[in-house]
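Okay, here's what each chain looks like letter by letter:
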Amino acid sequence: LIIGLPKSGTTLIEWVLSEIGYVNMTTSCLRVFDDRKLEHPHDLSDDMLKNFPLNKPTFLKRHSEPNNLNLELIKKYNFKTIISFRNLKDVMISRYLHMITDKSLPQHDIYNKLNLTEGFKTSLIKNHLNTIPIQDVNNWIKNWKKEIESNKNFCELNYDDYNRNKEFYIKKLLNFLKVDSGTLMNKIIEKHQKHLEIIKKNNLTENLNSISPQTYNRKKSSEIKKLLDNDAVNNFYKECVNKYCST
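Definitions and cut-offs
Residues numbered from 1 in each chain as written. Predicted model: local features only at pLDDT ≥ 70, side-chain atom pairs only at ≥ 80, totals over all residues. Heavy atoms only, no water. Axes fitted to C-alpha atoms, helices over the stretch in contact; angles between N-to-C directions. Helix = DSSP H or I, 4+ residues; strand = E, 2+ residues; numbered from the N terminus. Parallel < 35°, antiparallel > 145°, perpendicular 65-115°, else oblique. Left-handed = near helix turned anticlockwise from the far one by under 90°. Contact = heavy atoms within 4.5 Å. Nonpolar A, V, L, I, M, F, W, Y, C, P; charged D, E, K, R; others polar. Buried < 20%, exposed > 50% of the residue type's maximum accessible area, 1.4 Å probe, protein only. Arc of directions from axis to C-beta. Polar contact = N/O pair within 3.5 Å; in protein donor to acceptor, adjacent residues only side chain to side chain. Pairing = 2+ DSSP bridges. Disulfide = S-S within 2.5 Å. Phe/Tyr/Trp six-rings, centres within 6.5 Å; stacked < 30°, edge-to-face > 60°. Lys NZ or Arg CZ within 6 Å of the ring centre and 35° of its normal.

A. Inspection of the packing of helix H4 (residues 88-101) against helix H6 (residues 116-125) at higher detail. Closest axis-to-axis distance for the H4/H6 pair is 10 Å, and the angle between their directions is 115°. Put simply, H4 runs roughly perpendicular to H6. Crossing of H4 against H6: the hand is right-handed. The segment H4 lies against H6, with Met92, Ile93, Arg95 and Tyr96 engaging Leu116, Gly119, Phe120, Ser123 and Leu124. Residues belonging to the contact of H4 with H6 are distributed by class as follows: six nonpolar, two polar and one charged.

B. Structural view of helix H9 (residues 166-176). Within H9, burial applies to Tyr169, Ile170, Leu173, Leu174 and Phe176. In a view along the axis of H9, the buried residues occupy a sector of 165°, so they form one face of it. For H9, the side-chain oxygen to backbone nitrogen distance between the N-cap and Glu167 is 3.3 Å, and the N-cap itself is Asn165. Two residues or fewer after H9 comes Lys178, characterised by a positive phi angle close to 60°.

C. Structural context of the pairing of strand E6 (residues 154-158). Counting buried positions along E6 gives four out of five residues, so the element sits mostly inside the fold. As judged from the five bridges shared by strand E5 (residues 81-85) and E6, these two strands associate in the parallel manner. Across the sheet, Ser84 pairs through a bridge with Leu157, a residue of E6.

D. Structural detail: the state of the cysteines. What the rule picks out here adds up to zero disulfides. Left without a disulfide partner, Cys240 is nearest to the cysteine sulfur of Cys245, which lies 8.0 Å away.

E. Seen up close, the pairing of E5. By the criterion of burial, E5 is predominantly enclosed, with five of the five residues buried. Of the two faces of E5, both are covered, the one formed by Thr81, Ile83 and Phe85 as well as the one formed by Ile82 and Ser84. Where strand E1 (residues 2-4) lies against E5, three bridges are found, and the strand directions are parallel. Residue pairing for E5: Ile3 is matched across the bridge by Ile83.

F. Local environment of the packing of aromatic side chains. Taken as a whole and assessed by the stated rule, the structure comprises nine aromatic pairs. With centroids separated by 5.4 Å and ring planes inclined at 75°, the aromatic side chains of Tyr162 and Tyr169 adopt a geometry described as edge-to-face. Above the ring of Phe176, the side-chain terminus of Lys80 is found at 4.5 Å from the ring centroid. Residue placement shows Lys145 over the ring face of Phe85; its charged tip is 4.3 Å from the ring centre.

G. How the structure looks around the side chain of Gln107. Its place among the elements puts Gln107 in the loop between H4 and helix H5 (108-112). Overall, Gln107 belongs to the buried group, its relative accessible area being 9%. Among all residues touching Gln107, those that are not within four sequence positions of it are Arg95, Met99, Asn127 and His128.

H. Examining the environment of His192 more closely. Mapped onto the fold, His192 is located in helix H10 (residues 184-201). Each C-alpha atom of the pair His192 and Leu12 lies 8.6 Å from the other, and the pair is 180 residues apart in sequence.

I. Representation of the environment of Pro106. Here Pro106 lies in the loop between H4 and H5. Among the residues examined, Pro106 registers a relative accessible area of 44% and is labelled partly exposed.

This is the structure:
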């Protein structure tokens, strides 16, 4: 299982697993995937997991919460589980960009009518569910980290580690899967860099229609990061962290 927040590096993990022979449970015609009758769209279920083939490399990506239902199912099926994290600020930036890009999302109309500054600030504290997004995301991170501490079948990966040290990140992933990294690690890194170079040459619309969709608008991301250099915006972000993300 791959579990992570949207825009937290789970696509990278999927890509690596595909490169070493794993099959995506949700898209392969060789697998049966049943996500009906879920209480929450990101939950796990018996109907979903019982179809995992034994001794056939398979992965499933979810954004599941560490609630009792999901934890009991993971324990029941004893799957190796990778939990993907990213620093809170970048998660919130990427989340905002995703919301203003995808018109099908209910949050789109809330944020897209505002300018970049006000839209990002609003995205931290308001959504269509009347919850506080930055608090929801922080709780997700905090609660999963607690579970990882007590479960040897969980592997914690942080996308920020990949940006700092690609070899360390890929080796940790391969070792968890008991795959000999050897020369494979360097080949994976080199191929992924070429993959990213192709993405950079494409515009956002082309990326959304490609086999490996990328919804990360890099130009706007850099603009928002520059906004965070603005004292007023940065102070607002810090105030939200202090108010809603205290431990």
